[in-house]
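# Structural features, examined
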Amino acid sequence: MIRLEDLTKTFATPNGLVVAADKVNMEVPTGEICILLGPSGCGKTTALKMINRLIAPTSGRILINGEDTSKLNDIELRRNIGYVIQQIGLFPNMTIEENICVVPKLVGWDMKKAKSRAAELLDLVGLDPRHFLRRYPKELSGGQQQRVGVIRALAADPPVMLMDEPFGAIDPINREIIQDEFLKMQAALKKTIMFVSHDIDEAVKMGDKIAIFRAGKIEQYDSPDRILAHPANAFVADFVGADRTLKRLRLVTAEEVARADAASAARSASVADVRQSLASSGERIAVVIDGDHHPVGFVTADELQGASGRIGDFAHPLPASVPVRADLRAVVSEMFAHDTMWLACTDDNGRYAGVVTQPAVTAALRATYGGANAGAA
Amino acid sequence: MRHAIAQSIGLGRAAMLAVGLLAGLWVANSGLLDQIMVYWDDIAFLSRQHMVLVAASGGAAILVGVPVGIWLSRPSAERYAETVMQVFNIGTTIPTLAVIALSMTILGIGFPPAFFGLFVASLLPIVRNTYAGLLAVPSHLKEAATGMGMTPIQILWQVELPNALYVIFSGIRTALAINVGTTPLAFLIGGGGLGELIFTGIDLMDTGMLLAGAVPTAMLAVLVDFLMGQAQLRLIPKGVNPLR
Ligand SMILES: Nc1ncnc2c1ncn2[C@@H]1O[C@H](COP(=O)(O)OP(=O)(O)O)[C@@H](O)[C@H]1O
Ligand SMILES: [Mg+2]
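No experiment lies behind these values; they were computed from the predicted model shown.

## Observations regarding the overall build of chain B
The helix and strand tally for chain B stands at 10 helices and 0 strands. Along chain B, helices and strands appear, N-terminal first, in the series α-α-α-α-α-α-α-α-α-α. For chain B, buried positions account for 42% of its 244 residues. Considering only residue pairs separated by 6 or more positions, chain B has 73% of its internal contacts joining residues 24 or more positions apart. As presented, chain B carries roughly 12600 Å² of accessible surface, and 73% of it is formed by carbon and sulfur atoms. Side chains of chain B carry 11 positive and 11 negative charges; the gap between the two charge centres is 18 Å.

The structure is reproduced here in structure tokens:
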């Protein structure tokens, strides 16, 4: 757990005092990612660097797991905190292996253990150790360097990580990939992470909590969904953008709003039976599934009126289907693309997993807006 | 780009070798070789003296220049670093011959003033390149190193010096070139060396004697530069060596 108490930093500059951090109070629970978000110059980096004491606070306290860091030796403190900077900062004179082994060596691991750790970490981010251990940073692409920068910070397994715009220097496509990789690692590692970003999309994607900064002050510290749904003031609302409701779509997966019990029918089922069950449940469509339980089409209640035979003969092809893991932004995008009010969902094996409808999506968005007055709505 | 540099260095070497070979052929054919070989004993003795001067003054300049450059680049020396560098820069505008003459007025004649004059002449490029090379190490590397928990000494040895090494080496190479080129002047203040054959040869209008001093001096200069070039190519780690 990281706790900041009344943390303040003023810089004396030729143009007078600059207050880079103004009585910042916040707490990051163990195992969570907290994003420090805000426009350039609002004090995010300053706040971060006070935690590993690259910048000495003017006043206030920093506690890591309850321990006041000003009581600790700077060098010891830093060796126990992983640090990733935007410029990546791999040492050009060292091989990738040597770069990763820097902190393990500093804290006195034996070389064999450090080296096998380096290989293991490279593997973890999909870089083949046999190819990469002996290379120099200049022989790697930007995205590969970025990955090495992250695993170098993880090398000695520090409980706390500080990351200053760690994925800022790479192209958007690689950034998404590395973000996903990192989230996957974090799910297993459960580090306590302070993460600086100026990108609201990144913040919403990566953060358990987001702290929005303006001129050294925290304007709002909340979960991504609450920040998007209930911005505390005009500044926050403006910063997160007019499309903040659409951004919230990324926070919910299809699984959470899909109706798993929506009507379905085997191709070989008789029309009469399906008409019967649709009539009794009041539903107007049924998804048609094949022998492997894959969704292959749909039938409407209207067309089954007065008909007979097998369902397969009445099935229309499905316009599209979406994985249940997809976020609602992808779902809505598919709906708009195919001009449909509903989509069938599939699980990891492509089997039918329910139906997600436009009203269900809007209801999900409304649910958080309900917030305090949910009962009234 | 890197290839172009390496290639042009390769070309320069080849051209130098060719010129050397032609000069050698000419010297051998014109009968000058015999005139030079008359002085073989002098050449052997004076070359040794010459090389001792180069090695001692150059070595001392490295041993003093690199630490001074390091010291000037430390944040604690920031206030005087620029002033010190200015003084050094003004120092280089003084012709080496004047430096040697001045050191004679203080230290008398013989080895000490020659050593001292050459030492001073070689010092500046080493100090300047060490200082500039260390300052040019990107600050984010130092920040990353500090943030990872390296001590200032560890940062100096493991990050700053390796990354400045190429520039420092270039300074040493320049310094030694200046040193080797200036060493013949040592004779003028009784420091000995191959200058004795050159200057006496000039005085006596004895071409053989003059060449007996000039040819080994030239060969030594080429050899030293070649060795420094090789060292720069091979000793500097691949990750920070623009030649590799
Ligand atoms: N070393 C410093 N000296 C003076 N002012 C500084 C220094 N570092 C940062 N600042 C000022 O503090 C403010 C916050 O900077 P910073 O934390 O780097 O912002 P951010 O990371 O959010 O872009 C800015 O106004 C910046 O100019
Ligand atoms: Mg910043």
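## Description of the interface of chain A and chain B
In this complex, chain A contributes 24 residues to the contact, which on the side of chain B involves 23 residues. Interface of chain A and chain B: buried area, both sides summed, is about 2000 Å²; carbon and sulfur atoms make up 64% of it. It is A:Phe91, A:Asn93 and A:Lys138 in chain A that bury the most area against chain B; as a group they hold 28% of the surface buried on that side. In this assembly, chain A and chain B are joined by 2 salt bridges.

## With respect to the pairing of strand β1 (residues 2–13) of chain A
Residues and elements named next belong to chain A. Both β1 and strand β4 (residues 59–64) contribute to a ladder of 5 bridges, which runs antiparallel. Note that in β4 the partner of Glu5 across the bridge is Arg61. Hairpin connection, β1 to strand β2 (residues 16–28): the antiparallel pair is bridged by 2 residues.

## Concerning the UniProt feature "domain: ABC transporter" (unreviewed entry) in chain A
In this numbering, the UniProt entry assigns the feature "domain: ABC transporter" (unreviewed entry) to residues 2–240 of chain A. Here residues 2–240 of chain A is 39% helix and 27% strand, with 25 Å between the C-alpha atoms at its ends.

## Things to note about the domain arrangement of chain B
Here the domain parsing of chain B yields domain 1 (1–30) and domain 2 (39–240). When each unit is reduced to the centre of its C-alpha atoms, the spacing between domain 1 of chain B and domain 2 of chain B is 24 Å.

## Section: the packing of aromatic side chains
Considering all chains together, one arrives at 9 aromatic pairs over all chains under this definition. An angle of 20° between the planes, with centres 6.3 Å apart, marks the rings of A:Phe235 and A:Phe239 as stacked. One end of the pair, A:Phe235, and the other, A:Phe239, are both in helix α11 (residues 234–240), 4 residues apart, so they sit about a helical turn from each other. Judged by its relative accessible area of 22%, A:Phe239 falls in the partly exposed class. On the basis of an interplanar angle of 25° and a centroid distance of 5.8 Å, the ring pair of B:Trp71 and B:Tyr80 is categorised as stacked.

## Thoughts on helix α7 (residues 139–147) of chain B
All buried positions along α7(B) are accounted for by B:Leu141, B:Ala144, B:Ala145 and B:Gly147. Within α7(B), the buried residues cover an arc of 165° as seen down the axis, which keeps them to one side. Here the buried face of α7(B) lies against α2 (74–79), β6 (81–84) and α7 (142–154) of chain A together with α8 (152–182) of chain B. B:Gly149 sits one or two residues past α7(B) and shows a positive phi near 95°.

## Some points on the packing of helix α3 (residues 40–73) of chain B against helix α6 (residues 111–135) of chain B
All names here are of chain B. At a minimum axis distance of 6 Å, the contact between α3 and α6 shows a crossing angle of 35°. Seen from above, α3 lies across α6 with right-handed handedness. Here the contact of α3 with α6 is built from residues that sort into 22 nonpolar, 6 polar and no charged.

## Overview of the sheet that holds strand β13 (residues 295–300) of chain A
All names here are of chain A. Spatially, the 4 strands line up as an open sheet ordered β11-β12-β13-β14, and their pairing is mixed. Of all strands in the sheet, those with a lone pairing partner are β11 (264–266) and β14 (316–317), marking the two edges. Here β11 pairs with strand β12 (residues 285–289) via 3 bridges, running parallel. Considered in β12, the bridge of Ala266 is made with Ile289.

## Side note on the UniProt feature "transmembrane region" (unreviewed entry) in chain B
Annotation from UniProt places "transmembrane region" (unreviewed entry) at residues 12–32, 52–72, 84–109, 164–189 and 209–228 of chain B. As annotated, residues 209–228 of chain B comprises 100% helix and 0% strand, and the C-alpha atoms at either end are separated by 29 Å.

## A few points about the nonpolar core
Counting residues in each nonpolar core, the largest one holds 70 residues, and the members touching the most others are A:Leu4, A:Met26, A:Leu36, A:Ile51, A:Phe91 and A:Met194. Element by element, the count of residues in this core is highest for α8(B), at 11 residues. Dropping the residues within four chain positions of it, A:Met194 is found in contact with A:Ile2, A:Leu4, A:Met26, A:Val28, A:Cys34, A:Leu36, A:Leu48, A:Ile51, A:Met161, A:Leu162 and A:Met163. In terms of nonpolar packing, the next biggest core, distinct from the first, is built from 44 residues, A:Ile35, A:Ile96, A:Ile100 and A:Leu122 among them.

## Regarding the UniProt feature "domain: ABC transmembrane type-1" (unreviewed entry) in chain B
Listed under "domain: ABC transmembrane type-1" (unreviewed entry) in the UniProt record, and renumbered for this structure, are residues 47–228 of chain B. Helix makes up 83% of residues 47–228 of chain B and strand makes up 0%, while its end C-alpha atoms are separated by 19 Å.

## A closer look at helix α1 (residues 44–51) of chain A
In terms of residue burial, α1(A) counts as a mostly covered element, since 7 of its 8 residues are buried. Where α1(A) terminates, the next one or two residues include A:Arg53, which has phi positive at roughly 60°.

## So, the pattern of salt bridges
All names here are of chain A. Summed over the entire model, instances satisfying the criterion amount to 30 salt bridges over all chains. A salt bridge links Arg259 to Glu283; the nearest nitrogen and oxygen atoms lie 3.4 Å apart. Taken together, the residues span a long stretch of sequence, with Arg259 in the loop between α13 (254–257) and β11 and Glu283 in the loop between α14 (271–281) and β12 at a distance of 24 residues. Assessed through its relative accessible area of 41%, Arg259 is described here as partly exposed.

Basis of the calculations
- Residues numbered from 1 in each chain as written.
- Chains lettered and ligands numbered in written order.
- Predicted model: local features only at pLDDT ≥ 70, side-chain atom pairs only at ≥ 80, totals over all residues.
- Heavy atoms only, no water.
- Helix = DSSP H or I, 4+ residues; strand = E, 2+ residues; numbered from the N terminus.
- Buried < 20%, exposed > 50% of the residue type's maximum accessible area, 1.4 Å probe, protein only.
- Contact = heavy atoms within 4.5 Å.
- Areas by Shrake-Rupley, 256 points an atom, 1.4 Å probe, with all protein chains shown as cover.
- Lys, Arg positive; Asp, Glu negative; His and termini not counted.
- Charge placed at Lys NZ, Arg CZ, Asp CG, Glu CD.
- Buried area = accessible area lost by both parts, 1.4 Å probe.
- Salt bridge = Lys/Arg side-chain N within 4 Å of Asp/Glu carboxyl O.
- Pairing = 2+ DSSP bridges.
- UniProt positions renumbered as here; feature names shortened; annotations may be inferred.
- Domains from an automatic or database assignment.
- Phe/Tyr/Trp six-rings, centres within 6.5 Å; stacked < 30°, edge-to-face > 60°.
- Arc of directions from axis to C-beta.
- Axes fitted to C-alpha atoms, helices over the stretch in contact; angles between N-to-C directions.
- Left-handed = near helix turned anticlockwise from the far one by under 90°.
- Nonpolar A, V, L, I, M, F, W, Y, C, P; charged D, E, K, R; others polar.
- Core = buried A, V, L, I, M, F, W, Y, C linked by side-chain atoms within 4.5 Å.

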